[in-house]
Amino acid sequence: MSETAPAATERGLWQRNKWLLLRRTTQFSILFLFLLGPWFGIWWLKGNLASSVVLDTIGLTDPFILLQSLASGHAAGQAAVFGAVIVLMFYLLVGGRVYCSWVCPINVVTDAANWLRNRLKLNLSWQLKKSTRLWIMVMALATSAITGAIAWEAVNPITMLQRGLVFGMGLAWVIVLAVFLFDLVVTRRGWCSHLCPVGAFYGLVGKRSLVRMNAPERTACTDCGDCFRVCPEPHVIIPALKPEKDTDTSVILDSDCTNCGRCIDVCDEEVFRFSTRFG
Amino acid sequence: MKSNMSDRLNRRQFIGQCAHTVGSMSILGLLLGTYTRQSASTPARAIRPPGAIAEEDFTGACVRCGLCVRDCPYDTLKLAEFGSDVATGTPYFIARDIPCEMCEDIPCVAACPTDALSKDLTDIRDADMGVAVLTGPDTCYSVTGVAHCRACYVACPIRDEAITMEQKRVGNRIYFEPTVHAQHCTGCGKCEQGCVTEEASIKVLPRHLAKHDAGRIA
C-alpha cells in the first residue's frame, strides 16, 4: 500500500497544512495585537488597518485609503504619507497580495465560505471577470474625487470588520455576512478574486515584488489538479507549472498570486516552494 | 473582405465592452457616491473632535483609524459604528455623555496622521467644535426661577468668558440667564453635560446651526 502512494504517507498533517496554519496564525496575531490595547491596556499596536502606530513610534497607513484621500482633494498629513511609504515598501518586497492572504481578516471569511461551498458541493457560480476589481478600484478613486470623501471606506468590508472588532461592531456584521453569502452561493471566490478593489490595488503594488511562488519541481507534477482546486487565483499557476517551452521560468510572476502557499501544502509531489522572482 | 468584417466586429465588440464597463461602473459609482454623500451628513448632536477641518472636507481627510479615539484620555471620542447616523468609522462625541475636557496638549490632534484634525490648532481655547446655545429657556431652572442653578456656568472651563450669568428682569422678577459668548465658546459641551434638567436646557450645536453673534472670530 505504502508503495503505491508513498508521498501521501510521508507528508504528515503538519506538512499538508503548514502554510495555511502559518497564515491563519499571522492573521489572528495581527488582529490580537490590535486587541491587546482595548482588552489588556497593552498598546503595542494602536489604531486599525487604515492607519496605526507601532510601539508608539512607527506610523503605518493603508496606501489605497490614502490614495482615495488624495483623490478627494485633501493634502494628507506627513505622518500618513510616511506611513503609506513604509507599507508600500514592505509589500514591494514580500508581494502585494500578501496583504490579502496574510493580513486581511475578510480572507478568513471568504476562505470559510469557499470551504463550505466545496463541502456542500455548491457548483453554481455567477461568472465575473477578473478585471472587475480593477474597474471597481478606478470607480472608487473617481467617486472619491467627485464626492470629496474617501468613498470605498463607506462600504469596505475589510476595515469594517477589523474596525468593528477593535472599536465596536455596530451593524458591520451585515456587510461581512453579505460577503460570506456572496462567496458561498453567488460566485466562487467572488469577493477576493473578482470584486475587491483593495486586492486589485495591492496586486498592482506587487507587479514587481521580490518574493514569489515557484514550481521548480514541475517535472514531478502528476496532473492531479490539487493546486488548481485550492488556489484562489488558479490562472496564475498555469504559465509556471505548464509552460509552453521548457525554458520558461517556473516562477509564478502573475501579481494576482497572493503568496498564500496553499499550493505547497497540498502538493504531495512537493513541486512548489517560495523563492525570489529571479528563481 | 473577411478581415474587414472581423475588424468591424471587433470594433463593435470593443465599443460594446467599453460601454459595458463604463456603464456598470458608473451605476456603482453613482450608488456609492450618493451613499457616501448621504452618510456624510452628520447629525447635530454628534460633535467632531477639536481641530476637525470643515465637515465637507473631513470625510475626505479622515481615514477612520481611531488614533484620536485611542489617545483621548477621557474616553470622550467614539468611532461611528456602521449603521449609526454618523459616517462609519469617523470620530465624534456626544457632549451630554462625555464632553471634551479641553486637554492643553490636545492629544487627539497630535495623534491624527492625516491632519483631518488640523495641527494648526495649538491652543485648545481656539477650538471650534460647536457653540453652546440655551435651547431650553422654558426648562432652565435659573430662567424659570425653579432654583438658583448655575450648573452650566460652574461646569464651563472658561467661565466668565464663554459663559456668564446675566441678570435679567421681567416685571418685578429678577433672574439670571446663562449667556454664551460665542466668540469664546469652544463647544466642549461641559455645560450640556452639567445641566441638571432631564433634557439638557443648554446644548452644543454646530456653529452653522447656532444663531449667535457674528460668529467665531478666532
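Fair warning: this is a prediction, and the values are worked out from it, not measured in the lab.

Caption draft 1: Structural detail: the overall build of chain B. Within chain B one finds seven helices and six strands. Overall, chain B shows an N-to-C arrangement of helices and strands of α-α-α-β-β-α-β-α-α-β-β-α-β. Scaling as 2.2 N^0.38, a compact globule of 218 residues should have a C-alpha radius of gyration of about 17 Å, whereas chain B reaches 25 Å, well beyond that. In chain B, once contacts between residues fewer than 6 apart in sequence are set aside, the share between residues at least 24 apart is 63%. Working note: accessible area of chain B is about 11600 Å², and carbon and sulfur atoms make up 54% of it.

Caption draft 2: Here's a closer look at the domain arrangement of chain A. Residue and element names in this part refer to chain A. In terms of domains, chain A is made up of domain 1 (16-206) and domain 2 (210-276). Spacing between the C-alpha centres of domain 1 and domain 2 amounts to 25 Å. With 23 residues of domain 1 at the interface, the matching set in domain 2 holds 21 residues. Three residues, Arg16, Trp19 and Arg97, lead the burial of domain 1 against domain 2; their summed loss comes to 31% of the area buried on that side. Inspection of the region where domain 1 meets domain 2 yields four salt bridges. With a shortest N-O distance of 3.1 Å, Arg133 and Asp256 are connected by a salt bridge. Our count for the contact surface shared by domain 1 and domain 2 stands at 20 residue pairs in polar contact (both at pLDDT 80 or more). A per-class count over the side of domain 1 that touches domain 2 returns nine nonpolar, six polar and eight charged.

Caption draft 3: The packing of helix H3 (residues 63-71) of chain A against helix H11 (residues 197-205) of chain A, seen in detail. Residues and elements named next belong to chain A. At a closest axis distance of 10 Å, the pairing of H3 and H11 adopts a crossing angle of 100 degrees. Looking at the two axes, H3 sits roughly perpendicular to H11. Along the contact surface, H3 presents Pro63, Phe64 and Leu67, while H11 presents Pro197, Val198, Phe201 and Tyr202. Within the contact of H3 with H11, the residues separate by chemical class into seven nonpolar, no polar and no charged.

Caption draft 4: Quick peek at the confidence of the model for chain A. Residues of chain A with pLDDT of at least 70 account for 97%, and the chain-wide mean is 90. Below a pLDDT of 50 lies the segment residues 1-6 of chain A, which in the model reaches zero contacts outside its immediate sequence neighbourhood of four places, other chains included.

Caption draft 5: Quick look at the side chain of Arg70(B). With respect to the secondary-structure elements, Arg70(B) resides in helix H3 (residues 67-71). For the buried Arg70(B), which has no salt bridge, the nearest side chain bearing the opposite charge is Asp75(B), at an N-O separation of 7.1 Å. Here the side chain of Arg70(B) touches Val166(A) through a polar contact of 3.1 Å, landing on its backbone oxygen. Those residues in contact with Arg70(B) that sit more than four places away from it in its chain are Pro38(A), Trp43(A), Lys46(A), Gly47(A), Val166(A) and Phe167(A).

Caption draft 6: Fine view of the environment of Cys68(B). Residues and elements named next belong to chain B. Note on placement: Cys68 falls in helix H3. On a C-alpha basis, the gap between Cys68 and Gly23 in space is 39 Å, while along the polypeptide they are 45 residues apart. Ignoring anything within four residues of it in the chain, the contact list for Cys68 reads Leu77, Pro91, Cys108, Ala111 and Leu117.

Caption draft 7: Up close: the pattern of salt bridges. All names here are of chain A. Applying the stated rule across the entire model yields 24 salt bridges over all chains. Between Lys245 and Asp248 there is a salt bridge; the shortest N-O distance is 3.9 Å. Asp265 serves as the salt-bridge partner of Arg262, at 3.1 Å between the closest nitrogen and oxygen. Taken together, the residues Arg262 and Asp265, both in helix H14 (residues 262-266) and three residues apart, mark about one turn of the helix. Judged by relative accessible area, Asp265 falls into the buried class, the value being 0%. Each member of the salt-bridge network shares a partner with another, and the members are Arg97, Lys130, Arg133, Glu233 and Asp256.

Conventions we followed
- Residues numbered from 1 in each chain as written.
- Chains lettered and ligands numbered in written order.
- Predicted model: local features only at pLDDT ≥ 70, side-chain atom pairs only at ≥ 80, totals over all residues.
- Heavy atoms only, no water.
- Helix = DSSP H or I, 4+ residues; strand = E, 2+ residues; numbered from the N terminus.
- Rg over C-alpha atoms; globule rule 2.2 N^0.38 Å.
- Contact = heavy atoms within 4.5 Å.
- Areas by Shrake-Rupley, 256 points an atom, 1.4 Å probe, with all protein chains shown as cover.
- Domains from an automatic or database assignment.
- Buried area = accessible area lost by both parts, 1.4 Å probe.
- Salt bridge = Lys/Arg side-chain N within 4 Å of Asp/Glu carboxyl O.
- Polar contact = N/O pair within 3.5 Å; in protein donor to acceptor, adjacent residues only side chain to side chain.
- Nonpolar A, V, L, I, M, F, W, Y, C, P; charged D, E, K, R; others polar.
- Axes fitted to C-alpha atoms, helices over the stretch in contact; angles between N-to-C directions.
- Parallel < 35°, antiparallel > 145°, perpendicular 65-115°, else oblique.
- pLDDT = per-residue confidence, 0-100.
- Buried < 20%, exposed > 50% of the residue type's maximum accessible area, 1.4 Å probe, protein only.
- Lys, Arg positive; Asp, Glu negative; His and termini not counted.

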